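Structure assessment
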Amino acid sequence: MNLNRRDFVKSTSIITGGILTTPFLSEASFFNSNTDDTIKVALIGCGGRGTGAIVQALSTKQNVKLVAMADAFKDRLDSCYEEITSDEQAHLKAKIDVPNDHKFTGFDAYQKAIPLADVVILTTPPGFRPIHFEAAVNAGKHIFMEKPVATDPAGIQRVLVAAEKAKAKKLNVVVGLQRHYQNSYRELMKRLQDGMVGDIVSASAWWNNDGVWTKPRVAGQTEMEYQMRNWYYFNWLCGDHITEQHIHNIDVINWAKNGYPVRARGTGGREVRKGKDTGEIFDHHIVEFEYADGTILNSQCRHIKGTWAKVDELVVGTKGKIQFDAAKITDHKGKPLYAFDKKTKENQPYQTEHDELFAAIAKGEYKFADAENGAKSTMTSILGRMATYSGQVIEWDKAINSGIDIMPKTFAWDADMPLKPDANGNYPVAIPGKTKYFS
């Protein structure tokens, strides 16, 4: 039997009892000395999140090996490789086998790295996620991809189509909405589903903090390179911070509601984010998301230094409320109904999502299909951005089916970019009341 794990998984996947599974024989009875049980990994996107993700993947208990790396920029790939092979990560060195001819750079780098692996980790700026996810699915790879999974409705549709293909091929897909893999959130959600707080009547979500880095323009940079180096400030790459960060909190409420909003209305703008180095994104968004049953999620995210900070979610039900960051449930008078012991029982969810993904792959199980929820929670955040940018009520069905596509038509360093600075170096920004998506 010279089967490898990929052949085995392809030939034995089934669905039983509504649970995604595959039958598995133990290594002792199935694998022999001629069978290679190494799980080969390709890293697509070698920035800070990619570096963290591959460290977590290589820190699982399985026989995992990094065999290929890809990034648009050589310096980022080199920096990532240097970090993961440093003395501080000495325990990982035996799991890294990336010769120079398996290090790929440029816009087509992903196409060269994906075929070399069993599992693909997608951690580039989010605008590239639909392209890379589609390619990985078409190649038959298991996937970990960071959130958000797109930056516009056209990208969402592309991910949803690929998600269905991934299900048909029984490819495990984990999305980096890591609260789904966090012990406290899982326990709180169990009690919500068991009726401890009754029917949900309202919810709130926050991601308010100081903001993130900026990188100055360097002489000789093309517009494409400048925007990609400063990806957080351009919607085609990032989606604005309501999508790149606040998706986490929005997704928790979608999880609690077991559904997605039907419309959004809100306000936002650039109160302090006015410089040439801050692209086009807003510094605050306040959105009311309305679900089909009339429940309202009051959502706010802000990047303004010197203001109060809060990253949390709250669900209010007919019998009580859940405070997620505090990991507790109380009745409406404050009486404790449940408290999760974060000091002794909390886990590191960024690690757990990789632990569970690679454990399933090693066992030959088809267990994870996160892409559809990842796409729809991403779409929820895009819906909010469309509402704040326009100042109008935006309907889910109209938005997700709009075909709006904000991606460049050509990926090249000298490409003619759809968004350009004016003569003073400032980028055009949305103006509520003037920016329109629909007539």
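Residues numbered from 1 in each chain as written. Predicted model: local features only at pLDDT ≥ 70, side-chain atom pairs only at ≥ 80, totals over all residues. Heavy atoms only, no water.

**Overview of the sheet that holds strand S12 (residues 296-303)**
Selection criterion: By this definition, two strands are paired if DSSP reports at least two bridges between them. Only runs of H or I of at least four residues qualify as helices and only runs of E of at least two qualify as strands under DSSP, and these elements are numbered from the N terminus. The contact criterion used is simple: two residues touch if any of their non-hydrogen atoms lie within 4.5 Å. Every angle, taken between N-to-C directions, lies between 0 and 180 degrees, and every axis is a line fitted to C-alpha atoms, over only the stretch in contact when it is a helix.
The strand order across the open sheet formed by 9 strands is S16-S15-S14-S13-S9-S12-S11-S10-S17, and the pairing between neighbours is mixed. Each edge of the open sheet is held by one strand with a lone partner, namely strand S16 (336-339) and strand S17 (394-395). In this sheet, strand S14 (residues 321-323) lies alongside strand S13 (residues 310-317) in antiparallel orientation, the contact comprising 3 bridges. Each residue of the ladder has a partner; that of Val 316, found in S14, is Lys 321. Seen against the sheet, helix H11 (residues 247-257) touches strand S9 (200-209), strand S11 (284-290), S12 and S13 and runs at an angle of roughly 165° to S9.

**A few points about the pattern of salt bridges**
Between side chains of opposite charge, a pair can form as their charged atoms come close. Rules: Salt-bridge detection follows one rule: a side-chain nitrogen of Lys or Arg within 4 Å of a carboxyl oxygen of Asp or Glu. Buried residues are those whose accessible area, probed at 1.4 Å on protein chains only, stays under 20% of the maximum for their type, while exposed residues exceed 50% and partly exposed ones sit between those limits.
Under the defined criterion, the tally for this structure stands at 26 salt bridges. Glu 146 is the salt-bridge partner of Arg 49, the closest N and O atoms lying 2.7 Å from each other. Of this pair, Arg 49 sits in helix H3 (residues 48-58) while Glu 146 sits in the loop between strand S7 (142-145) and helix H7 (153-169), placing them 97 residues apart in sequence. For Glu 372, the salt bridge is made with Lys 376, and the minimal N-O distance between the two is 2.9 Å. In this pair, Glu 372 and Lys 376 both sit in helix H14 (residues 371-390), 4 residues apart, roughly one turn of the helix. Its relative accessible area of 26% is what places Glu 372 among the partly exposed residues.

**Considerations on the pairing of strand S3 (residues 39-44)**
Selection criterion: Whether a crossover is right-handed depends on one test, that the path from the first strand over the helix to the second runs clockwise when the strands point away from the viewer.
The buried fraction of S3 is high, at 5 of 6 residues. For S3 and strand S4 (residues 64-71), the ladder comprises 6 bridges, and the chain directions are parallel. Note that in S4 the partner of Leu 43 across the bridge is Met 69. Note that the unit made of S3, H3 and S4 has a crossover that is right-handed. Two elements, S3 and strand S6 (residues 119-122), share 4 bridges in a ladder whose sense is parallel. Bridging across to S6, Leu 43 finds its partner in Ile 121.

**A closer look at helix H4 (residues 74-84)**
Under the convention used in this document: Taken from the helix axis, the directions to the C-beta atoms give the arc we talk about.
Every buried residue of H4 is accounted for by Arg 76, Leu 77, Cys 80 and Ile 84. Buried residues of H4 fall within an arc of 100° about the axis and therefore sit on the same side. In H4, those exposed residues whose orientation departs by more than 90 degrees from the buried face are Lys 74 and Glu 82. Looking at the buried positions of H4, the neighbouring elements they touch are S3, H3, S4, strand S5 (103-105) and helix H9 (223-229).

**Comments concerning the state of the cysteines**
Convention followed: Throughout, disulfides are identified as pairs of cysteine sulfur atoms within 2.5 Å of each other.
As enumerated under the stated definition, the model contains 0 disulfides in all. Cysteine Cys 301 is unpaired, with the sulfur of Cys 238 as its nearest cysteine sulfur at 11 Å. Cys 301 sits in the buried class, given a relative accessible area of 1%.

**Re the sheet that holds S4**
What the 6 strands build is an open sheet, ordered S5-S4-S3-S6-S7-S8; its pairing is parallel. The sheet is open, and its two edges are formed by S5 and strand S8 (173-175), each paired on a single side. Direction aside, the axes of adjacent strands within the sheet are offset by 15° on average. As judged from the 4 bridges shared by S6 and S7, these two strands associate in the parallel manner. Paired with Val 119 across the strands is His 142, a residue of S7. The strands touched by H3 within the sheet are S3, S4, S6 and S7, with S4 carrying the most contacts at an inclination of about 165°.

**Description of the confidence of the model for the chain**
Put simply, the rule reads: Each residue gets a pLDDT score, which is the predictor's confidence in that residue and runs from 0 to 100.
With 92% of its residues at a pLDDT of at least 70, the chain reaches an overall mean of 93. Scored below 50 in pLDDT, residues 1-19 shows 37 contacts in the model against residues more than four places distant or in partner chains. Of the regions scoring below 50 in pLDDT, residues 21-34 engages in 30 contacts with residues more than four places distant in sequence or in other chains.

**Structural notes on the packing of H11 against H14**
Rules: Any angle that falls under 35 degrees is termed roughly parallel, while one over 145 is termed roughly antiparallel, one within 65 to 115 roughly perpendicular, and all others oblique. Handedness of a helix crossing follows the sense of rotation of the near helix relative to the far helix, less than a right angle counterclockwise being left-handed and clockwise being right-handed. Ten residue types, Ala, Val, Leu, Ile, Met, Phe, Trp, Tyr, Cys and Pro, are classed as nonpolar, four, Asp, Glu, Lys and Arg, as charged, and the remainder, Gly among them, as polar.
Their axes nearest at 9 Å, the elements H11 and H14 cross at an angle of 115°. One element, H11, and the other, H14, form an angle in the roughly perpendicular class. For H11 against H14, the interelement crossing comes out right-handed. Contact residues: Ile 247, Ile 250, Asp 251 and Asn 254 in H11; Asn 373, Ser 377, Thr 378, Thr 380 and Ser 381 in H14. Across the contact of H11 with H14, the residue classes break down as 2 nonpolar, 6 polar and 1 charged.

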